[in-house]
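Structural overview for review
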Amino acid sequence: MSTTPVNPDDLGIGPMIMGLTWTFAGLVMTAVGLRFYVRRKQNQSWGWWEDWLMLVAMIFQIAEQSTITVSYHYGLGKHDQDLRPRQLDDMLKWMWASLPSYIVASILARISIAIFLVRLFGVYRWFKCFVLLITALVSLFGVISISLVFVQYTPVEKLWTPSLQDFTSMDPRIPRYPAALFVALCAFTDLTFVFLPVMFIWRLNMPLRRRVGLMALMGVSVITAVLSILKTGLVYFTQGNSDQFTRQEFYNESVLVLCGGLEQYTVIILGCVPQLHGLGKLGLPGPRKLASSLLDFFIRNRSKKLPTLPHPGPYIDLEMSTTKLGHCGPTRHMQGATTVMHDQGDSHQNLVEPNHLLRVDRFTISYNDSTQTGRGVV
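Residues numbered from 1 in each chain as written. Predicted model: local features only at pLDDT ≥ 70, side-chain atom pairs only at ≥ 80, totals over all residues. Heavy atoms only, no water.

A closer look at the nonpolar core
Considering soluble globular proteins, one finds that nonpolar side chains tend to be buried as a cluster. In terms of nonpolar packing, the biggest core is built from 61 residues, with Val32, Met91, Leu92 and Phe182 touching the most fellow members. Counting only elements with at least two residues in this core, the list comes to α1 (14-41), α2 (48-73), α3 (85-121), α4 (125-149), α5 (173-202) and α7 (249-272). The leading source of residues in this core is α3, at 17 residues. With residues near it in sequence (within four places) discarded, Val32 still touches Met54, Leu55, Met58, Ile268 and Cys272. (Core = buried A, V, L, I, M, F, W, Y, C linked by side-chain atoms within 4.5 Å. Buried < 20%, exposed > 50% of the residue type's maximum accessible area, 1.4 Å probe, protein only. Helix = DSSP H or I, 4+ residues; strand = E, 2+ residues; numbered from the N terminus. Contact = heavy atoms within 4.5 Å.)

With respect to α7
Between its terminal C-alpha atoms α7 stretches 35 Å, which fits the 34 Å expected from 24 residues at 1.5 Å a residue. By the criterion of burial, α7 is predominantly enclosed, with 22 of the 24 residues buried. (Expected span 1.5 Å × (residues − 1).)

Digging into the confidence of the model for the protein chain
Here the protein chain averages 75 in pLDDT, while 61% of its residues score no lower than 70. Residue range residues 240-246 is modelled with pLDDT below 50. Its contacts to residues more than four positions away, or to other chains, number 13 contacts. Of the regions scoring below 50 in pLDDT, residues 319-338 engages in 29 contacts with residues more than four places distant in sequence or in other chains. (pLDDT = per-residue confidence, 0-100.)

Notes on the packing of aromatic side chains
Throughout the structure, instances matching the rule amount to five aromatic pairs. Geometrically, the ring pair formed by Phe130 and Phe188 is edge-to-face, given 5.9 Å between the ring centres and 80 degrees between the ring planes. Linking Phe130 in helix α4 with Phe188 in helix α5, this pair joins segments that are 58 residues apart in sequence. What makes Phe130 partly exposed here is its relative accessible area of 22%. Ring centres of Tyr153 and Phe167 lie 5.8 Å apart, and the angle between their planes is 75 degrees; this geometry places the pair in the edge-to-face category. With Tyr153 in strand β1 (residues 153-154) and Phe167 in the loop between β1 and β2 (168-169), this pair connects stretches of sequence that are 14 residues apart. For Tyr153, a relative accessible area of 9% gives the class buried. Judged by relative accessible area, Phe167 falls into the partly exposed class, the value being 29%. Through successive ring pairs, a cluster of aromatic residues spans Phe121, Trp126 and Phe127. (Phe/Tyr/Trp six-rings, centres within 6.5 Å; stacked < 30°, edge-to-face > 60°.)

Quick look at the structure:
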């Protein structure tokens, strides 16, 4: 590798890696938070094991994302010829530091999904055995991969210092094959953990919209599996410092980081989707209600900014001037008790004066020598 970078200002795919992975990180945190919110609102005591495992998986994934972000500041995503030797060492150090968090997050997320599937479809004995077996294999090869990666070189600094000459190493195929098998098993679980339950549910009588939702879920699962397969190929050619891939070895490892991050975030989101169906039962406002509320908010704010038209006289809120019908409230024009006598039983008194309403809070009605007293507004 040349000590003089060809184009040190070219960031390569680094900004794209950061933009996509942090966007998905925000979606994952939202999905896991809503999962706990739904569980708490529905007062469901069962299922907390897989919820907490998914939360811990999210924490490890965010830790991996943070170390990858530090690696980006040292040059992650750049082409090999655009990196300085010291910059390359720092970038690789943080990339390798992110590996344990990534593998632990992958294992915990799949264990959480496996517990949920066994809880729902455990009546199918063969499916229960399959889920437990494949989850155990994923966990086993994940732990083996972490161990072999950090013991393949002596000293371990050779992992992030390619220029180091005085070192010993094991056969590169020893760490490479378990790592490739681990990501292959992850791809296999991404497909089967969605397709097999969908086969069970599809036999049930359900409306068309739910069938379309299941098809969309399967489509996302296929995308996740494709990312896992692509990651499998990249791992096979890049692990063990293979010289048979291309000269853009470290650039291709950046692509591996991108594919791995998107795949893992998608797995966590898919693992939370079944629990989020309870949002519709909590009475949360739908899109139309939210849009109507926003429209009313903007209309009220706009009306406050409009100029006030001149009023010909003082305004008195007749409704708010009294707390109860018939009670005397604060007013500017009040008069005491008024007595009007009409022999014929018809009243021709004008109750409207210029710019005023005649208000009477106390009145007396007399007829046939009997008297009833009441309170009100005439």
